[in-house]
Amino acid sequence: MKKIGILTSGGDAPGMNAVINGVVTAAKAMDIEVVGFMNGFDGLINNETMALPIAFVKQINALGGTVLGTARSEAFMDPQVREKTIQRLKDDGFSGLVVIGGDGSYKGAQAIIKLGFPVVALPGTIDNDIPLTDSTIGFRTALNNVMDSVDRIVTSAASHGHNFAIEVMGRRAGDIALWSGIALDADVIITQKEEFNSEYVIAALEASKASGKKYRLVIIAEGAMTAEEFKTTIESESTFKIHPLLLGHIQRGGMASLDDRIVGKIYGEKAVDYLANGGTGCCMGIREQEIVSQDIDDVLSASKEMILPFSYAANSYRYHI
Ligand code: F6P
């Protein structure tokens, strides 16, 4: 194997750069060239490439975001575009591709594998919404970012006795809300709209106030309801005044956490090993502390379980709605 490609796709996730470092470092040791494709599958289609010298990748391991740029490609959904692109890759002497991204990126990777071209897909998304892996690259950093921001907000909230409803990212998954909400000891965590019960929420807010705690904190998962909707509902049914807040992209930015740096790099190394050993296409995930190769069809057809931190028992979790 002489040459492989790498791209990052979907929402950027801290740790993606660590994967790039791991891939280039491992490939260099095997004398394999690594070409970076910019801006996700769009860059793959348009052959927009970026050199990834070792001296450069050695300085990006900690950096959040992705130096390759990223995108959500519509164009790659066209089978003819995919076939043409993969034929060009073969003609240009590529023998494999590493794709880092979330479930949309996995579908792109799956389609390439079906065309007989080896791909390793790695779970890079803050949402933690890939099935059959205990966590995704970027999830831990996003949790740290949420905690850091909300820790700051509550010092102010406590001074004023404010009640904050904070919507965090996660697309359809509530993992960021659940884990950060537990870590922040939120009064209410809302991960699913169907289970929202305003009476229950108001009772939880009242219990918090009666305890003497100086502020109220509600964490809401993106997709469940907006912080504004929460405010409208609770203010119309109680005397609580709510400060609604959309936390936004601060959750995805900054430097990667300890584990996203380490795991990201190891993922990159394992991906190169897999391709160099003749692997024909897979995705990778973490099961019981080990990085494992998985069948991408199995992963994409499995449903995502919400993993509770440290087997946190649901019934000990009073205000999770
Ligand atoms: O998938 C990662 C994510 O941050 C989601 O949590 C969120 O819904 C989405 O990306 C936001 O995307 P954008 O940055 O394009 O607004």
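None of the values given here were measured: they were computed from a predicted structure. (Residues numbered from 1 in each chain as written. Predicted model: local features only at pLDDT ≥ 70, side-chain atom pairs only at ≥ 80, totals over all residues. Heavy atoms only, no water.)

**Student:** Quick question: what am I supposed to make of the site of the ligand here?
**Tutor:** In the vicinity of the ligand, the contacting residues are Arg72, Ile126, Asp127, Met169, Gly170, Arg171, Glu222, His249 and Arg252. Glu222 has a polar side-chain atom sitting 2.6 Å from an oxygen atom of the ligand. A distance of 2.8 Å is found between an oxygen atom of the ligand and a side-chain nitrogen or oxygen belonging to Arg252. Out of a free accessible area of 400 Å², the ligand has 75% covered by protein chains. (Near = heavy atom within 4 Å. Polar contact = N/O pair within 3.5 Å; in protein donor to acceptor, adjacent residues only side chain to side chain. Areas by Shrake-Rupley, 256 points an atom, 1.4 Å probe, with all protein chains shown as cover.)

**Student:** Please clarify how helix H4 (residues 79–91) should be interpreted in this entry.
**Tutor:** Along its 13 residues, H4 runs 18 Å from first to last C-alpha, staying within 8% of the 18 Å computed at 1.5 Å per residue. Where H4 is concerned, the buried positions are Arg82, Thr85, Ile86, Arg88 and Leu89. Buried residues in H4, looked at end-on, bunch into an arc of 155°, giving them a common side. For H4, the exposed residues set more than 90 degrees away from the buried face come down to Gln80, Lys84 and Asp91. (Helix = DSSP H or I, 4+ residues; strand = E, 2+ residues; numbered from the N terminus. Expected span 1.5 Å × (residues − 1). Buried < 20%, exposed > 50% of the residue type's maximum accessible area, 1.4 Å probe, protein only. Arc of directions from axis to C-beta.)

**Student:** Explain unusual backbone geometry to me, please; I cannot follow it from the model alone.
**Tutor:** Trans is the common state for peptide bonds, and a negative phi is the common state for residues other than glycine. A positive phi angle is found at Asn39, which is not glycine, with a value near 55°. Examined against the element boundaries, Asn39 turns out to sit in the loop between strand S2 (33–37) and helix H2 (40–46). In this structure, Arg171 takes a positive phi of about 50° despite not being glycine.

**Student:** Whenever I open this one, a nonpolar patch on the surface confuses me. Can you help?
**Tutor:** Among the surface-exposed residues, Leu258, Ile262 and Ile266 lie close enough to one another that they form a single nonpolar patch of about 290 Å² accessible area. Within the fold, Ile262 resides in helix H10 (residues 258–276). The partly exposed category is assigned to Ile262, whose relative accessible area is 47%. (Patch = residues over 30% accessible without salt bridge, like charges linked within 9 Å, V, L, I, M, F, W, Y side chains within 5 Å. Salt bridge = Lys/Arg side-chain N within 4 Å of Asp/Glu carboxyl O.)

**Student:** So what exactly am I meant to see when it comes to the sheet that holds strand S10 (residues 282–287) here?
**Tutor:** Where strands meet in a sheet, backbone hydrogen bonds hold them as pairs that are either parallel or antiparallel. Taken in spatial order, the seven strands line up as S3-S2-S1-S4-S5-S10-S11 in an open sheet, and their pairing is mixed. Two strands bound the open sheet, and with one partner strand each, they are strand S3 (49–51) and strand S11 (290–294). For this sheet, the mean angle separating the axes of adjacent strands, direction not counted, is 30°. Running over the sheet, helix H1 (residues 16–29) touches strand S1 (3–8), S2, strand S4 (97–101) and strand S5 (119–123) and is turned about 175° from S1. Docked against the sheet, helix H5 (residues 103–114) engages S4, S5 and S10, running at close to 165° with respect to S5. (Pairing = 2+ DSSP bridges. Axes fitted to C-alpha atoms, helices over the stretch in contact; angles between N-to-C directions. Contact = heavy atoms within 4.5 Å.)

**Student:** What is the right way to read the nonpolar core from this model?
**Tutor:** The tendency in soluble globular proteins is for nonpolar side chains to be buried side by side. Leu217 and Phe230 are the most contacted members of the largest nonpolar core, which has 74 residues in total. Tallying contributions element by element places helix H6 (residues 139–160) first for this core, with eight residues. Shared between two domains, this core holds at least three residues of each, these being domain 1 (3–138 + 256–301) and domain 2 (141–252). If sequence neighbours within four positions are ignored, Leu217 has contacts with Val150, Val154, Phe164, Ile166, Leu184, Ala186, Asp187 and Val188. With 23 residues, the next largest nonpolar core counts Leu7, Val35, Leu89 and Ile112 among its residues. (Core = buried A, V, L, I, M, F, W, Y, C linked by side-chain atoms within 4.5 Å. Domains from an automatic or database assignment.)

**Student:** Looking at this structure, how should I read the state of the cysteines?
**Tutor:** One covalent bond between the sulfur atoms of two cysteine residues makes up a disulfide. Within the structure shown, the criterion is met by zero disulfides. Cys282 provides the cysteine sulfur closest to Cys283, a residue in no disulfide bond, and the two sulfurs are 6.3 Å apart. Cys283 gets classed as buried once you look at its relative accessible area, which sits at 0%. (Disulfide = S-S within 2.5 Å.)

**Student:** I tried to follow the sheet that holds strand S9 (residues 243–246) on my own but got confused; where do I start?
**Tutor:** Read from one edge of the open sheet, four strands run S7-S8-S6-S9, paired in parallel fashion. Pairing within the sheet leaves two strands with one partner each, and these edge strands are strand S7 (188–190) and S9. Neighbouring strand axes in the sheet, compared pairwise and without regard to direction, differ in orientation by 15° on average. Pairing of strand S6 (residues 163–168) with S9, which is carried by four bridges, proceeds in the parallel orientation. Note on S9: the bridge partner recorded for Ala165 is Pro244.

**Student:** Would you mind going over the environment of Ala62 with me for this structure?
**Tutor:** With respect to the element layout, Ala62 can be found in the loop between helix H3 (54–57) and H4. As for Ala62 and Ala173, which are separated by 111 residues in sequence, their C-alpha atoms are 26 Å apart.

**Student:** Looking at this structure, I do not really get the pairing of S10. What am I missing?
**Tutor:** For a regular strand, side-chain orientation follows a simple rule: the groups alternate between the two sheet faces. With five of its six residues buried, S10 lies for the most part within the structure. In terms of strand pairing, S5 meets S10 through two bridges, oriented parallel. Each residue of the ladder has a partner; that of Val120, found in S10, is Cys282. As paired strands, S10 and S11 are joined by five bridges and run antiparallel to one another.

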